[in-house]
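Fold and geometry: a report
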Amino acid sequence: MLIGSIESFMQAGINSSDVLVSILFLVLYAVLVSILMSVYAYLFGWIERKVIAKAQYRHGPNVVGKYGLLQNLADLVKLIAKEVRYPSNADSRAMALSMIGLVSIVVFVILLLPLTPGLAATNFGLGLLLVFVVLGFSPLLLFITGFASGNKFGELGAQRSVLMVIGYDIPLIIVVGTIALAAGGFSITGVIGAQQSLPFALLMPIGFIVFFIVMLAEMERPPFDLREADSELIAGWLTDVSGPYYALALMLDYTRMFMGSLLISILFLSGWAGPLLPPLVWLLIKAFIVSLFIIIIRATVVRLRIDKVLRLGWIYLLPLSIANLLVTFIILKG
Amino acid sequence: MLTRINIGPIHPSTHGVLRLVVDLDGDTIANVEPHIGFLHRGVEKLVETRMYMQSPPYMEKLDYIAPMSVDELYVSTVEKALGIEVKERAQYQRMILLELQRIASHLFFIGALTNDMGMMFTGFMWGFRDRELILRLLEEATGQRMFYVNMRLGGMVNDFHGDFEQHVLKTMDYMEKRIPEYEKFLEKNPIFKQRTKGVGVLKRDDAIALGVSGPVLRASGVPYDVRRDNPYYFYKELNFREMSLNGGDSFSRYRLRVMEMRESMRIIRESFRKMPEGDSTGQMVKLRMPPVKNKVVTVAREVPRGEELMYMVAGDQKPYRLSIRSPVFINLHALNHIAKGHRLADLYPILGSLDVVMADVDR
Amino acid sequence: MKVEREDLGRNLSDMKRSGYTYLVKITAVDYSDHLEAIYILRNMDERKDVSVEVKLAPTDLWLDTVISQFPAADWYERELQEMFGILIKGRKADRLLLEKWDGREYPLRRSFEWGKDYERM
């Protein structure tokens, strides 16, 4: 009920005829979404530590706060309190701006997603396309951070990030195109509406798998964490990112996971559709399960090599995504 | 154009203070030059200034993953120089402890290898968890968890206590269930196979020419094992399999160590069966020894990392010269040959599969 | 087996041809009045070790490199150069492998005193 009233209040504000009021409500919405995102990211920082600790017969954080819940806060405070240092040959402005840009991209993408049926801040016909266009900038900013740090490890991480895009971007776009085909448009609410009878995960299982793998790479989760590759490149593109910016990078890890989980839930698991519980809760539950699955993957796999990522992208994912497109087309038209 | 990058000496995957200067052609390794010596303590010189039985603690610090194996080698060298016989029961006990040490070391290896390949510490923690059980057994037998110094001339510091056999056999039963889990965990993982199979191939002839030893040599198809081919203690009376794999790649080196753990367990069980009753305590630590003059002895042992050999010129009361052939020193030398032409990301699993311990490299 | 320094390369090549293909270790001992370099070789088929000893006068320390016959000798030779001051001919100038000495003092020689403060590089 509460969620419902907030929802309609917000929607009314955003749709207000006064441009100023509308902008004000949009900013308010962005702040609310950012808070939701931060809470989720913080929570998952803790859940990940606990789940991975379980997989490794450890206890995980258990000293700071109840069940170690405040451990991440302590880490955050530590990192924010630290001095920001740049190598002498780094372009500090480029590094700082691209780190902020990376987080902004994530926030922007989440803003584009309809979290509840009544409230879609920016629900317009080409939402789906815009999401992936914006997302396409993130490897670029990643590259800039690594390259501007003037560190060879950062540079290697940056190169890997660009190479990976070559590997996975085309299958991604083909799968997104298939979704648009099945939904009959690029509107995200339309995509959820089209899944009322059958979630796309069941309609196009191959596409779901391809999309999931690509999202893992997009989110920089293992086994696709080659650009960070802590045991190889020290921290890859993050090697010379320090202090608050590194805190931002850690946040980015989980906010991107939130974004990816939301995207997967919305595009393939019928988004907020579900009985009894309010739509927002349903969406968060689905995203939660997807995130949990991603974490368990992290605990069990070793890292792929860059040429194997390209191989995976071109030899497996690309044909699979095309096959998915054809099969879906036949199912829909046949 | 080659990019030169510097890895280490402080880096998560260099197994200690190793510095690698890597010339990269794009992402392909053109040349790796290991810079060693950060942990050089001059043990060979140090030993010359100490009386014979003052040195075992120093020896243990050489290979800190499997300390007892080097300690035992040193004590055996002194025993051979002074002409001291080891009690039969003590010989069996040394074999048991050394094989336990080998299992512990190989578990460490598996953990470190998965970590080098970017697994988020899971393999590492698993390996360490089971290694801890072995260390607990060693602590039970010697009183120390890591650095034992439990060898005396002619025997051990103390005999095994009454329940020790039961405890070891119980742990072995547990380990026998655990090892298939490791195999399932790693060998059924397509990414693990992709990253190790056919990566870092060392051919048989190259392995011999480069002088590598231990699991690295056996994984390249040369079944040379000091325990069998230059036997010491009662290894010749036990039946354990000749082990070698023909792959020569990182996967074979991993696989061979898993096989060795199984063999070690068999050796431990058999040793317990054959161990005679009696006493195994050695001589009291005496600093003064019967005089020997420039007697040259060479003793080789199969330590977990390969063939460790000590060349000792025995002097009066002190070693006149002690020269240590460290297996990892020469295995590391082969790194450039193995890693050349691979991707940068493969350098770490290759280094990991050589299982270097920098203290032993630098001596 | 004792060989003359001048014959070392030829002898080792002969040994290699007769099956001693594996170089176990190169080491040296300083006997004060002379030095001795020891090459331990192994026949991998017969599992037999043999050591080849070369006597060196302390005033005239050099050996020929055997790196072409035994690639494994590389680091051992560098170690000899560094620890005993035995010049290995036929190698290009090497970076110091283990120590950071300036090359005037050789730690494993008997004349090197344990505990004395030597100037570091």
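So, a few notes on the structure that sits alongside this text. (Residues numbered from 1 in each chain as written. Chains lettered and ligands numbered in written order. Predicted model: local features only at pLDDT ≥ 70, side-chain atom pairs only at ≥ 80, totals over all residues. Heavy atoms only, no water.)

**Brief notes about the interface of chain C and chain B**
To be explicit about the condition: Whether two residues are in contact is decided by their heavy atoms, any of which lying within 4.5 Å being enough. As used here, buried area is the combined drop in accessible area, with a 1.4 Å probe, of two parts when they are placed together. One side-chain nitrogen of Lys or Arg within 4 Å of one carboxyl oxygen of Asp or Glu is enough to make a salt bridge. In protein, a polar contact requires one atom able to donate a hydrogen and another able to accept it; more generally it is a pair of N or O atoms within 3.5 Å, and residues adjacent in sequence count only if both atoms are side-chain atoms.
At the interface, 38 residues of chain C touch 44 residues of chain B. Taken together, both faces of the contact between chain C and chain B bury some 3,400 Å²; the carbon and sulfur share is 58%. For the chain C face of the interface with chain B, the top three residues by lost area are Arg47, Trp75 and Trp114 of chain C, together amounting to 21%. For the pair chain C and chain B, the interface holds 4 salt bridges. A salt bridge links Asp229 of chain B to Arg47 of chain C; its shortest N-O distance comes to 3.1 Å. At the junction of chain C with chain B, the criterion picks out 21 residue pairs in polar contact (both at pLDDT 80 or more).

**With respect to the layout of surface pockets**
One way to see where empty space is left: roll a probe the size of a water molecule over the atoms. Quick note on the threshold: In the cavity and pocket records, a cavity denotes points on a 1 Å grid over the protein atoms alone where a 1.4 Å probe fits but cannot get out, a pocket denotes an open set with protein on both sides within 12 Å along at least 5 of 7 lines, and lining residues are residues with an atom within 4 Å of a point. Grid points are joined across faces, edges and corners, and a volume is the space filled by probe spheres set on the points. Counting from the N terminus, the helices are DSSP H or I runs at least four residues long and the strands are E runs at least two residues long. Basically, the charged four are Asp, Glu, Lys and Arg, the nonpolar ten are Ala, Val, Leu, Ile, Met, Phe, Trp, Tyr, Cys and Pro, and anything else, Gly included, counts as polar.
For the largest pocket, the calculated volume is near 1,200 Å³. If you trace the largest pocket, you find 41 residues lining it, with Tyr246, Leu250, Tyr254 and Arg298 of chain A together with Met120 of chain B closest to the centre. Breaking the lining of the largest pocket down by element, the ones donating at least two residues are helix 2 (19-55), helix 3 (71-81) and helix 11 (243-268) of chain A together with helix 4 (88-116) of chain B. By residue class, the composition of the lining of the largest pocket is 18 nonpolar, 8 polar and 15 charged.

**Observations concerning the pairing of strand 2 (residues 19-25) of chain B**
All names here are of chain B. Cut-off, in case you're wondering: Working definition: with a 1.4 Å probe on protein chains only, accessible area under 20% of the residue-type maximum means buried, over 50% means exposed, and in between means partly exposed. Strands qualify as paired when DSSP identifies two bridges or more between them.
Most of strand 2 is tucked away, with 5 of its 7 residues classed as buried. Of the strand pairs in this sheet, strand 2 and strand 3 (residues 28-35) are connected by 7 bridges, and their pairing is antiparallel. Along strand 3, the bridge assignment pairs Leu24 with Ile29. Adjacent in sequence and paired antiparallel, strand 2 and strand 3 are bridged by 2 residues, among which Gly26 carries a positive phi angle near 70°.

**Some remarks on the sheet that holds strand 3 (residues 35-43) of chain C**
All names here are of chain C. Counted only if it meets this: Comment: axis = line fitted to C-alpha atoms, over the contacting stretch for helices; angle = value between 0 and 180 degrees taken between N-to-C directions.
The strand order across the open sheet formed by 4 strands is 1-4-3-2, and the pairing between neighbours is mixed. Edge positions in the open sheet fall to strand 1 (2-3) and strand 2 (22-30), since each of these has one partner strand only. Bridge count for strand 3 against strand 4 (residues 48-56) is 9 bridges, and the pairing is antiparallel. Within strand 4, the residue paired with Arg42 across the bridge is Asp49. The sheet strands contacting helix 2 (residues 73-84) are strand 2 and strand 3, and the helix crosses strand 2 at an angle near 5°.

**Some thoughts on the sheet that holds strand 8 (residues 319-325) of chain B**
Within a sheet, neighbouring strands are paired by backbone hydrogen bonds and run either parallel or antiparallel to one another. Residues and elements named next belong to chain B. The strand order 6-7-8 describes an open sheet built from 3 strands, whose pairing is antiparallel. If you trace the sheet from one side to the other, it starts and ends with strand 6 (295-303) and strand 8, each paired once. Going across the sheet, the axis of each strand differs from the next one's by a mean of 15°, ignoring polarity. Summarising the sheet, strand 6 and strand 7 (residues 306-314) pair through 9 bridges and their orientation is antiparallel. In the strand pairing of strand 7, Lys295 is matched with Ala314.

All we've got here are geometric facts, nothing functional implied.
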